[in-house]
Amino acid sequence: MYKYVIHGGKPLFGEIEISGAKNAAVAILPAALLVDGVCRIENIPQISDVTLSLEILRELGAGVRSINKNTVEIDCRHIRNFCVPDDPCRKMRASYYLIGALLGRFGRAQVSMPGGCNLGVRPIDLHIKGFEALGANVDVLGGFVYANAQENGLSGATVYMDQVSVGATMNVMMAAVLAKGLTVIENAAKEPHVVDLANFLNSMGADIMGAGTDVIKIRGVEKLHGGTYSIIPDQIEAGTYMACVAAAGGNVLIKNVIPKHLDCITAKLVEMGVEIQEDGDDIRVIRKHGLKRTNIKTMPYPGFPTDMQPQMTACLCLAQGTSMVNEGIWENRYRYVEEFKRMGAKIQVDGKIAVVEGVDHLTGAPLQACDLRAGAAMVVAGLAAVGTTEIGSIHYIERGYDDLTGKLQGVGADIRIVDVPDDDLRTESHAG
Ligand code: EPZ
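Reading the values: the criteria
- Residues numbered from 1 in each chain as written.
- Predicted model: local features only at pLDDT ≥ 70, side-chain atom pairs only at ≥ 80, totals over all residues.
- Heavy atoms only, no water.
- Phe/Tyr/Trp six-rings, centres within 6.5 Å; stacked < 30°, edge-to-face > 60°.
- Buried < 20%, exposed > 50% of the residue type's maximum accessible area, 1.4 Å probe, protein only.
- Near = heavy atom within 4 Å.
- Polar contact = N/O pair within 3.5 Å; in protein donor to acceptor, adjacent residues only side chain to side chain.
- Areas by Shrake-Rupley, 256 points an atom, 1.4 Å probe, with all protein chains shown as cover.
- Helix = DSSP H or I, 4+ residues; strand = E, 2+ residues; numbered from the N terminus.
- Expected span 1.5 Å × (residues − 1).
- Contact = heavy atoms within 4.5 Å.
- Disulfide = S-S within 2.5 Å.
- Lys, Arg positive; Asp, Glu negative; His and termini not counted.
- Salt bridge = Lys/Arg side-chain N within 4 Å of Asp/Glu carboxyl O.
- Axes fitted to C-alpha atoms, helices over the stretch in contact; angles between N-to-C directions.
- Parallel < 35°, antiparallel > 145°, perpendicular 65-115°, else oblique.
- Left-handed = near helix turned anticlockwise from the far one by under 90°.

Trainee: Sorry, what's going on with the packing of aromatic side chains here?
Mentor: Here a ring pair, both rings aromatic, is described through the centre-centre distance and the interplanar angle of the planes. The tally for this structure, following the rule as stated, stands at five aromatic pairs. Residues Tyr 334 and Tyr 336 carry aromatic rings whose centres are separated by 6.4 Å and whose planes lie at 55° to one another, so their mutual orientation is tilted. Take Tyr 334 and Tyr 336: they sit in the same class, and that class is buried. The structure contains a cluster of three or more aromatic residues connected by ring pairs, namely Tyr 334, Tyr 336 and Phe 340.

Given below as structure tokens:
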């Protein structure tokens, strides 16, 4: 077991290169199941959710060949297995994409109910509604999802999403690419990774129009062919490093980003007094003076992303005045607040609202990451805090951040990964 140890209070200077997007990669890798050929996928982040996705593909019988640390070739021509075992699915929410991909390719899928970060109730009713509209029978029994359309195959249909859902939009898109006729997804999610999945599938021969708007039209094709595709840069990874600079101060060039995807984060940081300069695929983040208060409400894209809410709250803890945060997507995304209070933060949570009263400084403390973005927010807070912050349960953070410590060390942060001896772990669990 490992923890991060951060000696905070040092401004950050230098450059950080952003990796490929986690939430695009965890959809595009299973989408390779739909392809009757070899897919070469580039700009894959080195994170544990990707390792798990590749393991599942191998278990299903795919040929997976690493070309270099960020490029992989996947050959799903000879797969005959549509049952995904329980264990890997429990570790990763995105395992739900295997249902759409296997159903689309084989007309059949048996996938364990997905796990992932505990952000509150995480139903998949909209995914199931979409598969059923395309003609599949779907049952949830004994912790598994069974989807079957083998008798008549899948046929295009209009699917109205009662709520904007990233996962359901992408899953129905996967099921529909090889279905007969036209599928229309209404009230679709518009996140950058929705567009990236559509671009990947189109580059392999699919016919998808409208991704990035709230109506996506998918005309089924006979089959998909192999090809090469490069995953977009990670919006949330970039946003997290922007928050690190905002909290700790300094001047950092964040390289390999799509600035348009960062508009909502940039706008909020500028309101808080942070200087942001766009330059092609790079943005420079400069924080010289104290932070100003602001309010944040998380919403589907192009609104402010829920996956940046904890990191921005870390910054607001240090802003002058009182800020309001309104979590509009998940019901349980403030579990990190009790940890922040150990650092001297003043936050009151009432349902979806957090009232954050800025303090002069945070003080380093021992913390436990409780989910991916909460853990990232603890890093943001730890970099700004006076003294030493230790963050346990870093496996949550490593699900989604490629070389977080190396990248931060590169801009002068004092952050290390430290092995926690078993004896210390026993003491910690007795204390709990
Ligand atoms: C994706 O989760 C992301 N995960 C999450 O990122 C992100 O927080 C979320 O989208 C919102 O942007 C992946 O891409 C793997 P949703 P997803 O379906 O697809 C409700 C991170 O930190 N809903 O858009 O599971 C749901 O309860 C992670 O990287 C239904 O009611 O989210 C929520 O309130 C965590 N029924 C809302 O919709 C459904 O069938 C949005 O969820 C599906 C969702």
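So that's the structure; there's more coming.
Trainee: Sorry, what's going on with the site of the ligand here?
Mentor: Around the ligand there are 25 residues in total, and Asp 125, Leu 126, Ser 165, Asp 307 and Arg 373 lie nearest to it. One of the side-chain N or O atoms of Lys 22 is found 2.9 Å from an oxygen atom in the ligand. Separating an oxygen atom of the ligand from a side-chain N or O atom of Asn 23 is a distance of 3.2 Å. Alone, the ligand offers 830 Å² of accessible surface; in the complex the protein occludes 92% of this. At the level of elements, helix H1 (22-31), helix H5 (125-133), helix H6 (166-176) and helix H12 (372-384) are the ones that each hand at least two residues to the shell around the ligand. It is H5 that contributes the most residues to the shell around the ligand, three residues altogether.

Trainee: Is there a simple way to explain helix H2 (residues 48-60) in this structure?
Mentor: Side chains that are three or four residues apart share a direction in an α-helix, a result of its 3.6 residues per turn. Its 13 residues give H2 an end-to-end C-alpha distance of 19 Å, which sits within 8% of 18 Å, the value for a rise of 1.5 Å per residue. Buried residues of H2: Asp 49, Val 50, Leu 52, Ser 53, Leu 54, Ile 56, Leu 57 and Leu 60, and no others. Where H2 is buried, its residues contact H1, strand E4 (63-68), strand E5 (71-75), strand E6 (83-84), helix H3 (86-90) and helix H4 (97-106). Downstream of H2 by one or two residues, Gly 61 has phi in the positive range, about 110°.

Trainee: Just checking my understanding: could you explain the state of the cysteines for this structure?
Mentor: As used in these notes, a disulfide is a covalent bond between sulfur atoms, one from each of two cysteines. Summed over the entire model, instances satisfying the criterion amount to zero disulfides. In this model Cys 264 remains outside any disulfide bridge; the closest cysteine sulfur is found in Cys 315, 14 Å from its own.

Trainee: Explain the side chain of Arg 287 to me, please; I cannot follow it from the model alone.
Mentor: Here Arg 287 lies in strand E17 (residues 282-287). Of the side chains with opposite charge, Asp 360 comes closest to the buried, unpaired Arg 287, at an N-O distance of 10 Å. A polar contact of 3.0 Å, which involves the side chain of Arg 287, links it to the backbone oxygen of His 289. Those residues in contact with Arg 287, other than ones at most four positions away along the chain, are Val 245, Ala 246, Ala 247, Ala 248, Gly 249, Gly 250 and Val 274.

Trainee: Could you clarify how one ought to interpret the packing of H1 against helix H7 (residues 192-203) in this entry?
Mentor: Each pair of packed helices can be summarised by the angle the axes make with each other and by the distance between the axes. Following both chains from N to C, one finds H1 and H7 inclined at 30°, their axes separated by 9 Å at the closest point. Classed by the angle they form, the pair H1 and H7 counts as roughly parallel. Judged by the twist between their axes, the crossing of H1 over H7 is right-handed. Facing Asn 23, Ala 24, Ala 27, Ile 28 and Ala 31 of H1, the residues of H7 in contact are His 193, Asp 196, Leu 197, Phe 200 and Leu 201.

Trainee: How should the pattern of salt bridges be read in this particular structure?
Mentor: In this structure the tally under the stated criterion is 16 salt bridges. Close ionic contact of Asp 75 with Arg 77 constitutes a salt bridge, the shortest N to O distance being 2.9 Å. Residue class for Asp 75 comes out buried when judged on its relative accessible area of 17%. The network of salt bridges with shared partners includes Arg 40, Glu 42, Arg 65 and Glu 73.

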